[in-house]
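Descriptive structure summary
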Amino acid sequence: MIEIYFASSSSGMVRQFAERLGRPAHDLGDRDVRRSVPQGPWVLVTPSYKTGNPDNDTIPEPVRRFLRDPVTRRRLVGVMGSGNRNFGAHYQAAARTIARASGRPVLFEFELQGTQWDVEDARKILDDLDEALASSHAAATRDV
Ligand SMILES: Cc1cc2nc3c(=O)[nH]c(=O)nc-3n(C[C@H](O)[C@H](O)[C@H](O)COP(=O)(O)O)c2cc1C
């Protein structure tokens with residue numbers, strides 16, 4: 001089963017969303033989690049934070065650190081982003097930048113903590129991905 005790794009500030013909006021997805025959700029704010037390597041496929045849920053630094057960087061630092069490990073990067077399936085449309089051109093900048101850099105898809109975007117329907121949509125996307133991964137694994141092992 002795909003597991004969730006998320007970053008969330010003290011306002012906890014991404015945490016609220018991640019913890020409603022009905023599967024293991026690991027907090028990248030926890031140092032031990034940040035230093036671990038996912039044992040299987042995983043999905044990142046991240047907010048964007050425009051901090052006004054010179055690079056216009058919006059990726060939370062815990063996410064950046066976690067993604068340094070090449071095995072962790074290889075096992076990343078896709079990205080879900082939380083943002084706020086008030087940020088205009090920077091809306092979902094972190095999720096979109098990570099997706100572009102990693103060659104993985106943005107699976108889902110929502111605002112703030114997401115609605116009940118957002119949670120349902122995201123659950124469905126993850127269930128479908130679980131199924132797709134299980135059948136591609138079955139096909140791969142049938143051929144050997
Ligand atoms: C200082 C600040 C900067 C933000 N910058 C962006 C941004 O660049 N793009 C965006 O889509 N949302 C931006 N947001 C909105 C947050 O990403 C959004 O509220 C998110 O749900 C916060 O998740 P969290 O409470 O788990 O940290 C910003 C919010 C704050 C407070």
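As shown above, the structure is provided for reference.
**What about the site of the ligand?**
Around the ligand there are 19 residues in total, and Ser8, Ser9, Ser11, Tyr49 and Ser82 lie nearest to it. Contact distances for the ligand include 2.9 Å between a nitrogen atom and a backbone N or O atom of Lys50. Here an oxygen atom of the ligand and a backbone polar atom of Gln92 are 2.9 Å apart. Protein contacts shield 84% of the accessible area of the ligand, which totals 650 Å² for the unbound molecule. Placement of the ligand is best described as lying within the largest pocket. Of all the secondary structure elements, the ones that give two or more residues to the shell around the ligand are helix H1 (13-18) and strand E4 (76-83). Among the residues forming the shell around the ligand, the class breakdown is seven nonpolar, eleven polar and one charged.

**Quick notes on helix H5 (residues 93-102)**
Where H5 is concerned, the buried positions are Ala93, Ala94, Ala95, Ile98 and Ala99. Where H5 is buried, its residues contact strand E3 (42-47), helix H3 (61-66), E4 and strand E5 (106-111). Where H5 terminates, the next one or two residues include Gly103, which has phi positive at roughly 75°.

**As for the packing of aromatic side chains**
In this structure the tally under the stated criterion is six aromatic pairs. Relative to Phe110, the ring of Phe17 lies with its centre 3.7 Å away and its plane at 15°, an arrangement referred to as stacked. Residue Phe17 is found in helix H1, and its partner Phe110 is found in strand E5; the two are separated by 93 residues along the sequence. By the burial criterion, Phe17 is buried, and Phe110 matches it. Through pairs of rings, three or more aromatic residues link up here, namely Tyr5, Trp42 and Phe66.

**Looking at helix H6 (residues 116-142)**
Taking 1.5 Å of rise per residue, the 27 residues of H6 would be expected to cover 39 Å, and the 39 Å separating its terminal C-alpha atoms lies within 8% of that figure. Within H6, the full set of buried residues consists of Asp118, Val119, Ala122, Leu126, Leu129 and Asp130. Where H6 is buried, its residues contact strand E1 (3-6), H1, E3, E4 and E5. The N-cap residue of H6 is Thr115: its side-chain oxygen and the backbone nitrogen of Trp117 are 3.2 Å apart.

Criteria and cut-off values
- Residues numbered from 1 in each chain as written.
- Predicted model: local features only at pLDDT ≥ 70, side-chain atom pairs only at ≥ 80, totals over all residues.
- Heavy atoms only, no water.
- Near = heavy atom within 4 Å.
- Polar contact = N/O pair within 3.5 Å; in protein donor to acceptor, adjacent residues only side chain to side chain.
- Areas by Shrake-Rupley, 256 points an atom, 1.4 Å probe, with all protein chains shown as cover.
- 1 Å grid on protein atoms, 1.4 Å probe; cavity = no way out; pocket = protein on both sides within 12 Å on 5 of 7 lines; lining within 4 Å.
- Sits in = over half its atoms within 2 Å of the grid points.
- Helix = DSSP H or I, 4+ residues; strand = E, 2+ residues; numbered from the N terminus.
- Nonpolar A, V, L, I, M, F, W, Y, C, P; charged D, E, K, R; others polar.
- Buried < 20%, exposed > 50% of the residue type's maximum accessible area, 1.4 Å probe, protein only.
- Contact = heavy atoms within 4.5 Å.
- Phe/Tyr/Trp six-rings, centres within 6.5 Å; stacked < 30°, edge-to-face > 60°.
- Expected span 1.5 Å × (residues − 1).

From the geometry alone we can't say anything about function, so treat these as descriptive.
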